[in-house]
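Analysis of the macromolecular model
For reference, the chains in residue letters:
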Amino acid sequence: MCFCFQIRIMEKRGGRNQTPIVELILLGFGNGPELQPLLFLLFLMIYIVAVAENLLLVVLVMADVRLHTPMYYFVANLSTVEICYVSTTLPRLIGSLVTGDRNISLQNCFVQFDFYIIFANAESGLLTAMCIDRYLAICHPLRYTALMNGRVCCHMVASAWIFAISYTIIQQIFVLQLTYCGPKAIDLLFCDFGSVNRPFCGAIFITMQRLTFVFSIILNVGLFLLTLTSYICIIVNILRIPSSTGRQKAFSTCSSHLIVVLVFYVSVLTVYAVSAIDPLPILHKIMSVWFLVLVPLLNPILYCLRNKEVQQSLRKSLLTLAAFRHR
Ligand SMILES: *[C@@H]1O[C@H](CO)[C@@H](O)[C@H](O)[C@H]1NC(C)=O
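Going by the annotation in an unreviewed UniProt entry, the name recorded for the protein chain is Olfactory receptor, with Pelodiscus sinensis given as the source organism. Database annotation for the protein chain, UniProt heading Subcellular location (unreviewed entry): "Cell membrane". Taken verbatim from the UniProt record of the protein chain, the Sequence similarities (unreviewed entry) comment is "Belongs to the G-protein coupled receptor 1 family."

Spatial strand order, S2-S1-S4: three strands in an open sheet with mixed pairing. The open sheet has two free edges, formed respectively by strand S2 (103-105) and strand S4 (185-186), since each of these has just one partner strand. On top of the sheet, helix H4 (residues 106-139) reaches strand S1 (23-26) and S2; it is set at about 80° to S2, its chief contact.

Here we take up the site of the ligand. Close to the ligand lie Val 58, Met 62, Tyr 73, Ala 76, Asn 77, Thr 80, Cys 153, Cys 154 and Val 157. Between the ligand and Asn 77 there is a distance of 2.2 Å, counted from an oxygen atom to a side-chain nitrogen or oxygen. In the complex, 74% of the free accessible area of the ligand, which totals 350 Å², lies under the protein chains. Ranked by the residues each element gives to the shell around the ligand, the list is headed by helix H3 (residues 70-99), at four residues. Classifying every residue of the shell around the ligand gives seven nonpolar, two polar and no charged.

Let us look at the UniProt feature "transmembrane region" (unreviewed entry) in the protein chain. Mapped onto the present numbering, the UniProt feature "transmembrane region" (unreviewed entry) falls on residues 38-63, 152-170, 213-239, 251-274 and 286-305. Secondary structure over residues 152-170 splits into 100% helix and 0% strand, and the C-alpha atoms at its two ends are 26 Å apart. As annotated, residues 251-274 has a helix share of 100% and a strand share of 0%, and its two end C-alpha atoms lie 33 Å apart.

Where helix H6 (residues 150-176) meets helix H7 (residues 203-240), the closest approach of the two axes is 10 Å, and the angle between their N-to-C directions is 160°. The pairing of H6 with H7 is recorded here as roughly antiparallel in orientation. Crossing of H6 over H7 shows left-handed handedness. Counted together, Phe 163, Tyr 167, Gln 171, Phe 174 and Val 175 of H6 and Ile 204, Met 208, Leu 211, Thr 212, Phe 215 and Leu 219 of H7 form the full contact between these two elements. In terms of residue class, the contact of H6 with H7 is made up of nine nonpolar, two polar and no charged.

Think of a disulfide as a covalent bridge from one cysteine sulfur atom to another cysteine sulfur atom. With the rule as written, the count across this model stands at three disulfides. In this model, Cys 109 is linked to Cys 191 through a disulfide, with the two sulfur atoms separated by 1.9 Å. Between Cys 109 and Cys 191, the S-S dihedral sits near -85°, and the bridge is therefore left-handed. Residue Cys 109 is found in helix H4, and its partner Cys 191 is found in the loop between S4 and strand S5 (200-201); the two are separated by 82 residues along the sequence. A residue is classified by how much of its surface remains accessible, and Cys 109, at 0% relative accessible area, is buried. When its relative accessible area of 0% is taken as the criterion, Cys 191 is described as buried. In this model, Cys 139 is linked to Cys 233 through a disulfide, with the two sulfur atoms separated by 2.4 Å.

We now examine the pairing of S1. Side chains Leu 24 and Leu 26 of S1 all project onto a buried face; the interleaved residues Glu 23 and Ile 25 project onto a face where none is buried. Bridging between S1 and S2 involves three bridges; their strand directions are antiparallel. When the sheet's bridge partners are listed, Leu 24 is paired in S2 with Ile 104. Across two bridges, the pairing between S1 and S4 is parallel. Opposite Leu 26, over in S4, you have Ile 186 as the bridge partner.

Moving on: the side chain of Thr 227. In this fold, Thr 227 is placed in helix H7. Overall, Thr 227 belongs to the buried group, its relative accessible area being 8%. The contact partners of Thr 227, leaving out residues within four places of it in the chain, are Cys 131, Val 261 and Tyr 265.

Right, let's talk about the packing of aromatic side chains for a bit. This structure, assessed with the given rule, holds 13 aromatic pairs. Pairing Phe 113 with Phe 193 gives two aromatic rings, centres 5.3 Å apart and planes at 90°, and the pair type is edge-to-face. Of this pair, Phe 113 sits in helix H4 while Phe 193 sits in the loop between S4 and S5, placing them 80 residues apart in sequence. With respect to class, Phe 113 is no different from Phe 193; both count as buried. Judged by centre distance (6.1 Å) and plane angle (85°), the rings of Phe 119 and Trp 161 are edge-to-face.

Procedures and definitions
- Residues numbered from 1 in each chain as written.
- Predicted model: local features only at pLDDT ≥ 70, side-chain atom pairs only at ≥ 80, totals over all residues.
- Heavy atoms only, no water.
- UniProt positions renumbered as here; feature names shortened; annotations may be inferred.
- Pairing = 2+ DSSP bridges.
- Helix = DSSP H or I, 4+ residues; strand = E, 2+ residues; numbered from the N terminus.
- Contact = heavy atoms within 4.5 Å.
- Axes fitted to C-alpha atoms, helices over the stretch in contact; angles between N-to-C directions.
- Near = heavy atom within 4 Å.
- Polar contact = N/O pair within 3.5 Å; in protein donor to acceptor, adjacent residues only side chain to side chain.
- Areas by Shrake-Rupley, 256 points an atom, 1.4 Å probe, with all protein chains shown as cover.
- Nonpolar A, V, L, I, M, F, W, Y, C, P; charged D, E, K, R; others polar.
- Parallel < 35°, antiparallel > 145°, perpendicular 65-115°, else oblique.
- Left-handed = near helix turned anticlockwise from the far one by under 90°.
- Disulfide = S-S within 2.5 Å.
- Buried < 20%, exposed > 50% of the residue type's maximum accessible area, 1.4 Å probe, protein only.
- Phe/Tyr/Trp six-rings, centres within 6.5 Å; stacked < 30°, edge-to-face > 60°.

Okay, structure coming up:
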């Protein structure tokens, strides 16, 4: 796939007596040698913490039988996506902060972009699945166990991945027909062609742009409405619970998810709003760091700190580990 892509660029560019772009420059944080070591340490730490936290959550869910419920399967799957997500973007950024080498081949850039799109879509798919799960648990508690079993949960996780991967394949089929004709130096931290202004030339680029625009509006508005209605129903149902401990208990099972969803959507919307009104580039960069880093860092913290079952499971594992070492 990558190989064909290069040939296509050669063919199309060759006629116009122009050197084809096969390598891009990711400007990243720009030229600030004195800042590079600091940024390197910062991002390295963020990366390690994000991977460790998410891995811990996955291991906890897998190891503890009490956490073998659809809700925690979704949480563990979300953490897996999060690990993949930070691993497509941060290692390269960290590497270029060390070496100062900001070149990246066009093919690698596309590979990074594709994986980024897959994981971002899988994440929104999983968040939607989690929303449906909470909706069923709170609004239809009597039918919950019948409706939401291991198999259904498995199907929902699979659908999120199938959706994410097929979306990316379709997009890639379009992109393969096009020539890259954006700037050689792009002022981004990673290859997000979505925020490059007019990255491609070719007759079908306009069609592709319209299609993805319409599709993403339908999809995002759809997901958003679904989430919103579920939460309205959830809140109405919670308010109807007579005892305040019951209310608290019901709310605590979905408040972590609500915060995660809010953080996710608010970040996405802010990043796009910021890039649409196009203010200072530095602001855009801060926003994209926020989005790259905040969501993966925050999810496990929200689920661990706010959730009694996860806390208990963590405590038990630590005790077992301590006992094991004392032997
Ligand atoms: C993801 O969800 C599936 C289906 O429910 C589950 O079997 C699997 O263990 C989950 N993955 C992780 C990493 O927990």
